[in-house]
Amino acid sequence: MRILFSFFAVIALVLSAYAGVKIANLQFLFGVVIPYIAITIFTLGFVYRVLKWGSSPVPFRIPTTCGQQKSLPWIKQNRIENPSSISGVIIRMALEALLFRSLFRNLKTQLKDGKLVYGEAKWLWLAGLAFHWSFLIIFVRHFRLFLQSTPSFIKTIEGLDSFLQVGVPLLYMTDIVLLGSVTYLFLRRVFIPQVKYISLAADYFPLFLIFGIAASGVLMRYFYKVDIVGVKELAMGLVILKPVIPQGIGVIFYIHLFLICLLFAYFPLSKLMHMAGVFLSPTRNMVNNSRMVRHINPWNYPVHVHTYEEYENDFREKMKKAGIPVEKE
Amino acid sequence: MATKFTAKPDELSKIDHKPPKKGWMDTPAEFKEHTFCWGAKGKNLNIVDFPNARDWSPAEEDWKLPENWQEIVLEGIKDRLGKYRSFKLFMDICVRCGACADKCHFFIGGGDPKNMPVLRAEILRSIYRKYFTASGKMLGKIAGARELTLDVLKELWYYYYQCTECRRCSVFCPYGIDQAEITMMGRELTNLLGLNTDWISGPVANCYMKGNHLGLEPHTITSSVEFFLDDIETITGIRIKPTFNRKGAEILFVTPSGDLFADPGTYTAMGYLMLFHELGLDYTWSTYASEGGNFGFFTSNEMAKRLNAKIYAEAKRLGVKWIIGGECGHMWRVINQYMDTWNGPADFLEEPVSPITGTKFENAKSTKMVHIAEFTADLIKNGKLKLDPARNDRLKVTWHDSCNTARGMGILDEPRYVLRNVCNHFYEMPEDTIREKTFCCGSGTGLNASENMELRMRGGFPRANAVKYVRDNYGVNMLANICAIDRATLNALMEYWAPDVSVCGLHELVGNALVMTGEKERTQDLRLEPLHGKEAEE
Amino acid sequence: MKLNSLLADKKASILEKWFDVIIESYPPDTSNFLKNQSNRFANPAGSAISQGIENIFDELLRGLNQGNTLQFLDNIVRIRAVQDFTPSQALSFIFPLKRIIREELTVEIAGSQLSDEILALESKIDDLALSAFDIYMKCREKIYEIKANEVKSMTFRLLQMANLINTEGHESDFKGNDKLKIKRGEVKK
Ligand code: SF4
Ligand code: SF4
């Protein structure tokens, strides 16, 4: 149900793009209006969400410490997993964001019946990493469409990405990796009961969407071969705010573009915001130095306490009898 | 109603089949006997001015909630979303990858899927989505949103009092989502409705009025300590004279009151007394700040702050220079991550310097509170203690890292250093079960009652299983730790899962090994049992 | 002992089925974890069950050594005794073994004279179940005992302190009164 809902939602969206362009000839809507709307929603939404998180203070210093604290000088501190300085935190965050350090922690090889086996955990880490990195690379590669001349670093990336030198046009490895890892991430949601149990429609939907984007992109590049010059013209037009709709770009391009727009617009409304959230997570981005430097809670307020005076009033006689000094005889 | 402990015939016939698959949102919590604690007593809630104070029982249908309880909870959520970035973020960014799912000892040992940390969080998240997100308001269940019904509230309560806030899940989450933090929020919400447990609210009320969880009155504290002094005299021939509430002492010593009350914590307390005496430390105990632990932490941030305030207040009143804290787990999470923020700045104290070694405790220069394991490790490193580790030769020791000190502080190697110097046989448990990956005792956050023994046993099973492993492989017979709750609960756990393993605090072993000036030849350890090799002479 | 060698041949598949049946008494989300997480520390329950049934099965073939078998049974039952199962559910894992064996050996049983041996084996399995029941009861009693002990030692301490409280000028009086001076150590279980 949760799966089907998401699946058909994506199918319906694909069909609407198809119908819109092929039948109703709404190229301008799908090629210009929607992309602008999507980018606007994305930018404003993203900023809004981050500001909203930011508007709540961090009242306490609560890093999850995953190693030895800084204490006596001769005890070796784990500067990264239990950072006492900003540089430690930066490395910790970098490992987290770039290499998924915490997921990697899951990874344990075990000896089972004399063979080394890796749990599913390793695959989650690997697929997660493959997915995010290939997505990023593909994203960066697309910049050539928005720039007059292609910068050299993009060419380098393209060169590396297609170093297998197979196919015409050259096959990008990341395309395969992205499709593969998305498929894996989807399948594990379906086949691992624990994960299926916790999954929501909101978990399947982005997977289908990204699969749709990747698939339409692959179709476009390797099979339908859309008019790349036209696409670039359109993209450049969007960038310099003089939108044009060149003739003869295949409908598959519009589907691809539409799904991307959806992803952008959906992004700030959803869990995909973890991309920004990971950098704000107080259990990871804080220094464990609260015994060294006082952390301030902006809403710290005075509270009722049972004072010593009240305590002594309750127990004065008993205290005296027990030889405990008191303030008032 | 709580489920009774017998199967109905139709349940029996189901055994061999998979239970019908329903989504978790549609499976209300079943209150199973022996898994939850008794409800709070009205009088205890009244003492600390908690709302909706009345006697109540989780097992009863009627929870005696106020009319507008939904409103109260939703207001409470809103308030906390505005106060805690952690809460807001953790409500939003979970991707349900499942990496944390099998990291919780309650799930591992018990197998209830709602004890997967991610699902524990989803219970609260489903409410959050319904009332605080656009998609949840519009799409409802398809967006994972749920109406806040009585069943949902009960589910929240049931599972948020089955989380020990151990933070193990947080270690494995790619975004550091910390269920302990979410559980704290959930528990705060239940406290807005007076839904606390007896085992938590009792100690909180005690601590508020009398200074410690057990409700020991001042004269009882001194006489408790007298007991220890008698025993120490029997063992060493030395009569120690500690002081209480003494103004002008250099150091205030604060430890969990459990150490004064129940074995084996009491032996640890004897260890402290012997150590400080041997050093000639200018220190004092306090009967007012006679609790290091903080059960308030298991109810609400505010309550925790109210209880914690006594430590600095007493330090100020007595005019001490700095504070040493005894062995306790959650106490140290509070001291490390909360105390200074709540009740600081402690500018009336001085930066701690060990009077014996001259070491400056740089890492505590703001809180001015030093962990006793740091203090003792420094003494040993500087050769200030005469130790005879052979006195602990009867023991084969393993080390349990407590959740809070491991994942909320990181005091891992100091106690190990001390341990290696006071005993000759020390064996680590397997790597996945110690240090930051340590398994909880299963009884933290006020779950160490007796009525929920079954929950405790299964929650502690992963821990016990690792102990069993070192017992079977190395003959380990002592489980050492720096946590009062561990000392109070691991005994029971061992009795069930790994009989013949006892439990002790670090400073009990220190006390055994410590060679004191002028002591007689020791024939007994702190438990008054014959020392290794001394049996014959007995 | 023809049956034994047949069983030994089929050991792997019998154990697998038996394991699955046991695991299926848990919710599906859990059973997958119990089944697939093979680290004995990350998944103590699952590994205790799979180890346990293998050992029990071996003992059955070897002809039940009382002490060993009880230990192996204990490893499993002790876990199930604290896992939300009713007593019958907790012990239900033993009986399916009979069915599994018959299923696995359908052909062999039909074509030969194994019925006596099968019956003997089945009654051994029944014995197992009875022993398991004993163990189960012991575990439950243990839990109650632990519970009671906790309460008792707490009450004891409180009483001990109450004594102190009620004794005027308690220190000297108390010291003089040997009957009141209860030796620490007796406080223990
Ligand atoms: S590991 Fe973190 S992101 Fe993954 S399911 Fe658990 S809480 Fe959510
Ligand atoms: S904090 Fe500990 S007890 Fe709570 S859900 Fe996480 S692992 Fe389980």
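Residues numbered from 1 in each chain as written. Chains lettered and ligands numbered in written order. Predicted model: local features only at pLDDT ≥ 70, side-chain atom pairs only at ≥ 80, totals over all residues. Heavy atoms only, no water.

Caption draft 1: Geometry of the site of ligand 2. Residue and element names in this part refer to chain B. Around ligand 2 sit C104, H105, P117, R120, C163, T164, E165, C166, R167, C169, Q179 and A180, and those are all the residues in its vicinity. At the level of secondary structure, the elements contributing two or more residues to the shell around ligand 2 comprise helix 6 (117-132) and helix 10 (179-192). Among the residues making up the shell around ligand 2, the classes are represented as six nonpolar, three polar and three charged. (Near = heavy atom within 4 Å. Helix = DSSP H or I, 4+ residues; strand = E, 2+ residues; numbered from the N terminus. Nonpolar A, V, L, I, M, F, W, Y, C, P; charged D, E, K, R; others polar.)

Caption draft 2: Region of interest: the interface of chain B and chain A. Chain B puts 107 residues into the contact, and the matching count from chain A is 83 residues. Taken together, the two surfaces of chain B and chain A that pack against each other cover about 8000 Å², and 57% of this comes from carbon and sulfur. Counting the contacts that link chain B with chain A gives seven salt bridges. Between E327(A) and K247(B) there is a salt bridge, with the nearest N and O atoms lying 2.7 Å from each other. Counting across the chain B and chain A interface gives 63 residue pairs in polar contact (both at pLDDT 80 or more). (Contact = heavy atoms within 4.5 Å. Buried area = accessible area lost by both parts, 1.4 Å probe. Salt bridge = Lys/Arg side-chain N within 4 Å of Asp/Glu carboxyl O. Polar contact = N/O pair within 3.5 Å; in protein donor to acceptor, adjacent residues only side chain to side chain.)

Caption draft 3: Spatial organisation of the packing of aromatic side chains. Scanning the model with the defined rule gives 54 aromatic pairs over all chains in all. Ring geometry for F139(A) against F143(A): centres 5.6 Å apart, planes inclined by 85°, an arrangement best described as edge-to-face. For F143(A), a relative accessible area of 33% puts it in the partly exposed group. An aromatic cluster is built from F60(A), W299(A), Y301(A), Y84(B), F295(B), F297(B), F298(B), Y338(B) and W342(B), whose rings are joined through pairwise contacts. The ring centre of F439(B) lies 3.9 Å from the NZ or CZ of R168(B), which sits over that ring. (Phe/Tyr/Trp six-rings, centres within 6.5 Å; stacked < 30°, edge-to-face > 60°. Buried < 20%, exposed > 50% of the residue type's maximum accessible area, 1.4 Å probe, protein only. Lys NZ or Arg CZ within 6 Å of the ring centre and 35° of its normal.)

Caption draft 4: Molecular detail of helix 3 (residues 69-83) of chain B. Residue and element names in this part refer to chain B. A rise of 1.5 Å per residue sets the reference length of helix 3, with its 15 residues, at 21 Å; its end C-alpha atoms lie 21 Å apart and thus fit the reference within 8%. Buried residues of helix 3: W69, V73, L74, G76, I77, R80 and L81, and no others. An end-on view of helix 3 places all buried positions within 155° of arc, on one side of the element. The outward face of helix 3, more than 90 degrees from its buried face, is lined by the exposed residues E71 and K78. (Expected span 1.5 Å × (residues − 1). Arc of directions from axis to C-beta.)

Caption draft 5: View of the confidence of the model for chain C. Residues and elements named next belong to chain C. The share of residues in chain C with pLDDT of 70 or more is 75%, and the mean pLDDT across the chain is 75. Confidence over residues 165-189 falls short of pLDDT 50; this stretch has 42 contacts with residues more than four positions distant or in other chains. Two numbers describe this predicted complex: its pTM, 0.88, and its ipTM, 0.89. (pLDDT = per-residue confidence, 0-100.)

Caption draft 6: Geometry of unusual backbone geometry. Residue and element names in this part refer to chain B. Put simply, D263 and P264 share a cis peptide bond, and its omega is 0°. Relative to the helices and strands, P264 resides in the loop between helix 13 (258-261) and helix 14 (265-279). Here the amide bond leading from G344 into P345 is cis, since omega sits at -10°, within 30 degrees of zero. The phi dihedral of R435 falls on the positive side, at around 50°, and the residue is not glycine. One non-glycine residue, L528, adopts positive backbone phi at about 65°. Within the secondary structure, L528 is located in the segment after helix 23 (506-513). Among the residues examined, L528 registers a relative accessible area of 18% and is labelled buried.

Caption draft 7: Structural view of helix 21 (residues 461-474) of chain B. All names here are of chain B. Here helix 21 contains 14 residues, and its C-alpha end-to-end distance of 19 Å stays within 8% of the 20 Å for a straight helix at 1.5 Å per residue. Within the span of helix 21, buried status applies to F461, P462, R463, A464, N465, A466, V467, V470 and R471. The first or second residue beyond helix 21 is G475, which carries a positive phi of 70°.

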